[in-house]
Amino acid sequence: VSKVLAEKMTGRVQADLLLLADAVTFERLKAEGVLAAYSSPEAAALHDSVRDPDGFYCGTKMLATVLLFNTASGKAVEPTWRALLAPENADKAIAASPLYSGAAAYQLGVLTRSDGFGWAFYEGMKANAVAVGKGNGSIITAVAGGERAFGPVVDYMARRAKAKGSPVDYVYPAEGSPVITEPVGIVAKEGGRDDAKRFVDFLLSEKGQKLFSDMGYVPARRGVPVPDGLLGIDHVTILSADVAVLAGERERDKARFSELFDR
């Protein structure tokens, strides 16, 4: 993103198309004039929640947050975000850092603006000695290795770790999950965008979405099979917030998190 914005300042972004972690990033790029609006004929089949109403980007998949836990104890983690705050779980959980992970940054922005959570939830995590890793991969390593008992990660990574034989399983929090969508958008530039449009059409098409499903992702398109072990978007309670607000506040959110957790 820094590279793209720096190129925009010099007058030309080299890329023709961007495929990045979350809608908040695309809101920033849209505000900076990086993106061109494009109404793909395939977009109508997508879930409403993944389409930018102004047509500058579309989500390509649905990555919900789950709670990954180590199965060695024979006891599953309670399917609730409150497990991170439970006294009996003090010094047992780990979470990804929003300073490293786009999913964690989105999670931070959403939860701190959701009823029943707010910054008090993160202050409770700090008080309960929840460790802070880097990206989602570090959470899986810590939980699978028994260093920590559980932690939130994106669903496809939890499913993948379990399928590879790691001693882990996962549950969806009862209160709901933040969901990132890995949007795709076309860079605004004169000419040369036909291939980019065709690639967007392919990613959003039934064939493209089936490929994502075969890779272990929940597709963003209606009617495409969901991988075994994951919940389709119609079966997940989505926790969300205004993406324009999240985009405007992301750096302040990260700074406050950094101060709270001494990062």
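Shown above is the structure to which this text applies.
Residues numbered from 1 in each chain as written. Predicted model: local features only at pLDDT ≥ 70, side-chain atom pairs only at ≥ 80, totals over all residues. Heavy atoms only, no water.

### A closer look at the layout of surface pockets
The computed volume of the largest pocket comes to approximately 380 Å³. Lining the largest pocket are 18 residues, and of these Thr-25, Arg-28, Arg-250, Glu-251 and Lys-254 lie nearest its centre. Breaking the lining of the largest pocket down by element, the ones donating at least two residues are α2 (23-31), α3 (102-111) and α9 (243-261). For the lining of the largest pocket, the element with the highest residue contribution is α9, accounting for five residues. Grouping the amino acids of the lining of the largest pocket by side-chain chemistry returns eight nonpolar, five polar and five charged. (1 Å grid on protein atoms, 1.4 Å probe; cavity = no way out; pocket = protein on both sides within 12 Å on 5 of 7 lines; lining within 4 Å. Points joined across faces, edges and corners; volume = space filled by probe spheres on them. Helix = DSSP H or I, 4+ residues; strand = E, 2+ residues; numbered from the N terminus. Nonpolar A, V, L, I, M, F, W, Y, C, P; charged D, E, K, R; others polar.)

### Overview of the environment of Leu-108
Here Leu-108 lies in helix α3. C-alpha separation for the pair Leu-108 and Glu-42, spaced 66 residues apart in sequence, amounts to 31 Å.

### Observations regarding the packing of helix α7 (residues 194-204) against helix α8 (residues 206-214)
Two numbers describe a pair of packed helices, the interaxial angle and the distance between the axes. Two elements in contact, α7 and α8, have axes whose closest approach is 4 Å; the angle formed by their N-to-C orientations is 60°. The angle between α7 and α8 places the two elements in the oblique class. Along its contact with α7, which presents Phe-202, Leu-203 and Leu-204, the element α8 presents Glu-206, Lys-207, Gly-208, Gln-209, Leu-211 and Phe-212. Here the residues of the contact of α7 with α8 sort into five nonpolar, two polar and two charged. (Axes fitted to C-alpha atoms, helices over the stretch in contact; angles between N-to-C directions. Parallel < 35°, antiparallel > 145°, perpendicular 65-115°, else oblique. Contact = heavy atoms within 4.5 Å.)

### Points about the packing of α3 against α9
Direction vectors running N to C along α3 and α9 enclose 95°, while the axes themselves pass 10 Å from each other. When the interaxial angle is binned, α3 and α9 end up roughly perpendicular. Mapping the contact onto sequence places Gly-102, Ala-105, Tyr-106, Leu-108, Gly-109 and Val-110 in α3 and Leu-246, Arg-250, Asp-253, Lys-254 and Phe-257 in α9. Across the contact of α3 with α9, the residue classes break down as six nonpolar, two polar and three charged.

### Comments concerning empty space enclosed by the protein
Summed over all chains, the structure comprises three cavities of 30 Å³ or more. In this structure, the largest cavity spans a volume of roughly 100 Å³. Thr-65, Ala-103, Ala-104, Gln-107 and Asn-136 are the residues nearest the centre of the largest cavity, which is lined by 14 residues in total. Those elements that place two or more of their residues in the lining of the largest cavity are β4 (61-70), α3, β7 (150-154) and β9 (177-180). Looking at which element gives the most residues to the lining of the largest cavity, the answer is α3, with four residues. In terms of residue class, the lining of the largest cavity is made up of 11 nonpolar, three polar and no charged.

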